[in-house]
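Here is how the chains run, residue by residue.
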Amino acid sequence: MIFVTVGTQLPFDRLVKTVDEWASVRPYADAFAQIGPAKYRPKSMPFAEFLDADECRKKTEQADVVVAHAGMGSILTALELGRPVLVMPRLAALGEHRNDHQLATAKKLLAQGRIFVAFDETELLEKLEFLNKYQATERLPVCACPSLLSTLRSFVNGQKLELPLVEGKLQVDPLNLVDVEHKQTKHRSNLQPLRPALVAISGMPGHQADVWDGSVGDDLLGEPQKWGNRGVDLADRFDSPLRSQAATQTIKSRLASVILLAGRLRTTDLAKRIGRSRLDLPVDATRSLLAHWRDEVAQLGEKWGCDNLPIRVLLDRLAPTPMLPPVIPGVPLSVERDRSEYRGTGGILRDACSIYDDEAWVLVANAAQLLFEELHQIVERLAAAGGEINVVNENDGIPNGLILLKCGVLRAISDIGFHDMKEQVVPAMARQRLVKVVSSHGVTSPPIHSLHDYTVALRRYHGKNTDNRSVAGEKNERWQSRFSIREKGSVVAPSAVIHDSVVLEGAAVEREAVVVRSVVGRGARIGPGQIVVDQVVSGTN
Amino acid sequence: MENLTTEQDPARKRVLAVASGGGHWVQLLRATPAFAEHDLAYVTTLASYRAQVGAARFYAIKDASRWNKLGLMLMALKVLVIVLRERPDIVISTGAAVGYFALRIGKLLGAKTVWVDSIANVEKVSLSGQSIGKHADLWLTQWPHLAQPDGPHFCGSVL
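My aim in this report is to walk through the structure given alongside it, one point at a time.

So, how was this worked out
- Residues numbered from 1 in each chain as written.
- Chains lettered and ligands numbered in written order.
- Predicted model: local features only at pLDDT ≥ 70, side-chain atom pairs only at ≥ 80, totals over all residues.
- Contact = placed C-beta atoms within 7 Å.
- Helix = DSSP H or I, 4+ residues; strand = E, 2+ residues; numbered from the N terminus.
- Nonpolar A, V, L, I, M, F, W, Y, C, P; charged D, E, K, R; others polar.
- Buried ≥ 20, exposed ≤ 12 C-beta atoms within 10 Å, placed from the backbone.
- Axes fitted to C-alpha atoms, helices over the stretch in contact; angles between N-to-C directions.
- Parallel < 35°, antiparallel > 145°, perpendicular 65-115°, else oblique.
- Left-handed = near helix turned anticlockwise from the far one by under 90°.
- Pairing = 2+ DSSP bridges.
- Core = buried A, V, L, I, M, F, W, Y, C linked by C-beta atoms within 7 Å.
- Arc of directions from axis to C-beta.

Tallying the contact residues gives 33 residues for chain A and 38 residues for chain B. When residues of the side of chain A that touches chain B are traced back to their parent elements, those giving at least two are helix H2 (53–62), helix H3 (72–80), helix H4 (101–111) and helix H6 (146–156) of chain A. Residue contributions to the side of chain A that touches chain B peak at eight residues, all from H6 of chain A. Across the side of chain A that touches chain B, the residue classes tally to 19 nonpolar, 10 polar and four charged.

Within H3 of chain A, eight of the nine residues are buried, leaving the element largely enclosed by the surrounding structure. Those residues of H3 of chain A lying buried are Met72, Gly73, Ser74, Ile75, Leu76, Thr77, Ala78 and Leu79 of chain A. Considering only its buried residues, H3 of chain A is in contact with strand S1 (2–5), H2, strand S4 (65–69), strand S5 (85–88) and H4 of chain A together with helix H2 (23–31) of chain B. Phi turns positive one or two residues past the end of H3 of chain A, at Gly82 of chain A, with a value near 70 degrees.

This part is about the packing of H3 of chain A against H2 of chain B. At their nearest, the axes of H3 of chain A and H2 of chain B sit 7 Å apart, and the two run at 45 degrees to each other. With respect to each other, H3 of chain A and H2 of chain B are oriented oblique. With respect to the hand of their crossing, H3 of chain A and H2 of chain B are arranged in left-handed fashion. Judged by residue contacts, Met72, Gly73, Leu76 and Thr77 of chain A of H3 of chain A engage Gly23, Val26 and Gln27 of chain B from H2 of chain B.

Our next topic: the sheet that holds strand S20 (residues 514–516) of chain A. Residue and element names in this part refer to chain A. With parallel pairing, three strands are arranged side by side in an open sheet as S17-S20-S23. Lying at the two open borders of the sheet, with one neighbouring strand each, are strand S17 (497–499) and strand S23 (531–533). Taken pair by pair, the neighbouring strands of this sheet meet at an average axis angle of 5 degrees, ignoring direction. Pairing of S17 with S20, which is carried by three bridges, proceeds in the parallel orientation. In the strand pairing of S20, His499 is matched with Val516.

Counting residues in each nonpolar core, the largest one holds 101 residues, and the members touching the most others are Val19, Ile75, Val85 and Val87 of chain A together with Val98 and Ala102 of chain B. For this core, the leading source of residues is helix H4 (residues 96–108) of chain B, giving eight residues. Those residues in contact with Ala102 of chain B that sit more than four places away from it in its chain are Leu16, Val18, Val43, Val79, Val83, Val91 and Ser93 of chain B. Membership of the second largest hydrophobic core comes to 95 residues, among which are Ala247, Leu281, Ala384 and Ile389 of chain A.

What follows covers the sheet that holds strand S22 (residues 525–526) of chain A. All names here are of chain A. On the basis of which strands lie adjacent, the open sheet formed by three strands has the order S16-S19-S22 and parallel pairing. Both edges of this open sheet fall to strand S16 (491–492) and S22, since each of them pairs with a single strand only. Alignment of strand S19 (residues 508–509) against S22, held across two bridges, turns out to be parallel. Bridge pairing links Val509 to Ile526 in S22.

Residues and elements named next belong to chain A. For strand S9 (residues 311–315), a buried count of five out of five residues is recorded, marking the element as mostly surrounded by other parts of the structure. Alternating residues of S9 divide into Ile311, Val313 and Leu315 and Arg312 and Leu314, and every residue in both groups is buried. Sheet analysis places strand S8 (residues 255–261) next to S9, joined by four bridges and oriented parallel. The residue of S9 that forms the bridge with Val258 is Ile311. Across five bridges, the pairing between S9 and strand S10 (residues 333–337) is parallel. Note that in S10 the partner of Leu314 across the bridge is Glu336.

We now examine the environment of Ile2 of chain A. Residue and element names in this part refer to chain A. Positionally, Ile2 belongs in strand S1. In this structure Ile2 comes out as buried when scored by C-beta crowding, with 20 C-beta atoms within 10 Å. Each C-alpha atom, one on Ile2 and one on Val67, is 6.9 Å from the other, the two residues being 65 residues apart in sequence. With sequence-adjacent residues up to four places away left out, Ile2 is seen in contact with Ala29, Asp30, Ala31, Ala63, Asp64, Val65, Val67 and Leu131.

Residue and element names in this part refer to chain A. Those residues of H2 not exposed but buried are Ala53, Cys56, Lys59 and Thr60. All buried residues of H2 project into a common sector of 130 degrees when viewed along the axis, lining one side. Along H2, the residues that are exposed and aim more than 90 degrees away from the buried face are Asp54 and Gln62. Check the buried side of H2 and you find it contacts S1, strand S2 (31–34), S4 and H3.

So this is what it looks like as structure tokens:
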């Protein structure tokens with residue numbers, strides 16, 4: 001059942017009428033509307049002008065989804081009862097309320113991932129079609145957040161209050177990240193004074209930074225990812241080594257954190273089958289992908305003289321939570337979940353960086369990638385490029401997801417809508433901001449989605465650690481195994497062959513079994529003599 | 001009429017919790033668990049809310065907004081009567097006209113006052129909040145970006 005409610009004070013015919021007309025052509029729709037002191041009478045659904053508080057709660061509880069104006073009464077009631085709520089804000093311009101506070105509330109709560117929003121009737125109609133996708137959520141606790149309650153309690157009891165001081169920007173958590181597992185919550189202050197320049201620039205010969213004028217942004221629809229390398233032009237001519245050096249120094253002193261984007265745009269079969277986050281996939285005998293990033297960031301911090309360089313892993317609302325590897329001193333690791341409807345990496349980054357100063361820098365990367373070159377080397381090149389946004393293009397012209405940027409540039413990203421950082425935001429910004437592209441050759445693996453991506457990335461990763469010449473010689477010879485990862489807690493018989501494969505904790509491979517380019521998951525058993533090629537074997541199949 | 005309750009148990013305070021109907025009320029109910037061990041009375045603008053407050057004393061008065069001057073005066077008068085009868089130690093409100101009067105009158109009669117600005121005020125503090133804020137002993141906003149050094153302060157929200 002859909003419960004439509006507009007509160008008791010004012011009519012909201014635009015909402016009621018849209019749902020009513022939608023229901024008239026959707027005979028299966030089962031809706032009930034509370035319409036307030038309204039002129040418009042619904043024809044396709046039962047309704048009441050007013051419901052008292054109890055009836056209203058009852059209707060909300062019976063409903064699968066609540067469609068409401070963006071009034072806090074309706075929203076809070078729905079959240080308290082764990083019902084998904086889709087709101088359309090009243091607009092002052094249409095005489096629906098005295099001001100546009102509902103619009104502001106809707107945007108804020110949308111950004112917090114608490115509600116769904118349709119900003120107009122068209123969007124409402126679109127979203128009504130997908131109401132069955134909205135799932136009941138956890139009920140909001142029946143009382144306010146503990147810090148508010150304890151403040152009020154102390155006040156009543158006449159205790160001295162410790163009110164937070166407001167100084168410039170508040171250090172708050174804009175995403176309202178409920179699942180935050182902060183090993184250390186304090187992010188590195190970006191207000192440190194510049195350190196004296198004493199490090200010589202380690203410019204990479206042969207790597208030229210290109211200025212990208214954003215013109216590719218115009219043909220986004222055509223070929224969104226091809227950014228094409230522009231020849232060396234204007235800004236590069238001004239880029240003396242000294243200037244690059246200064247840019248690098250600035251960034252070194254102001255690098256606030258490394259942000260790993262780990263949302264999943266699509267479910268990957270690999271992750272589903274192994275029942276864990278892709279970030280927990282082993283890259284070698286002892287380390288997961290996330291631990292690999294931790295080590296790379298630790299090394300970057302060490303080379304750059306950062307005492308504290310946090311890694312923030314940002315998950316979207318659906319991604320599984322990765323296991324946290326042991327933390328290295330100076331590299332606090334936090335996993336934060338953005339609970340909003342998927343709205344693109346642009347919006348997520350903007351919110352994640354709103355705690356930093358405009359002049360602070362962050363390094364952004366796709367967590368589901370393996371690095372083939374040491375991170376600090378890549379970042380040195382990015383920093384020396386001297387733009388406000390510096391990106392790495394692979395030689396085929398496709399950005400690989402590594403972005404070194406100044407937080408100030410993120411402020412321009414709009415609150416609403418879907419903005420992909422790589423494909424929309426950066427191209428659009430190139431018109432006003434200095435975006436530099438560093439060309440590179442295979443410094444990262446492609447994003448690991450499938451088993452194939454994973455095994456190919458691991459082959460390359462483990463290849464680089466062995467003798468380079470022999471690797472070059474047998475480049476395509478897949479019969480030569482490069483890795484054979486047995487996670488702690490797996491059982492592998494000595495006579496079994498693990499060829500370019502990974503055996504996860506809780507899996508068993510028995511004698512004389514042969515596992516090729518495969519992942520054996522928890523609970524799975526490869527029987528004696530069995531041969532498995534190019535497969536994800538999970539415990540249930 | 002001496003305030004016996006307070007004398008019997010000095011730790012137990014008389015709290016008057018005030019909000020107009022709708023969202024303000026729902027927010028108020030989420031905040032009042034903070035006063036569980038105190039003596040609570042509610043004032044709102046919809047009589048049907050009585051069922052939600054259990055054994056607590058409950059007053060419903062007719063709502064009015066700043067466009068209805070006569071209604072406002074009547075409301076102020078009724079609030080005055082209630083405050084005189086309740087003699088609260090604390091007056092707390094989450095909003096709108098009725099809360100404004102309760103805080104002003106409560107303050108005049110010696111109560112400590114708390115204004116929790118509605119969570120719906122995202123871009124700026126509400127009108128009644130702006131005018132009452134300086135008269136409240138504790139002035140809170142539910143959005144960190146609206147906090148100011150001299151209040152409103154941010155100490156969390158009803159969410």
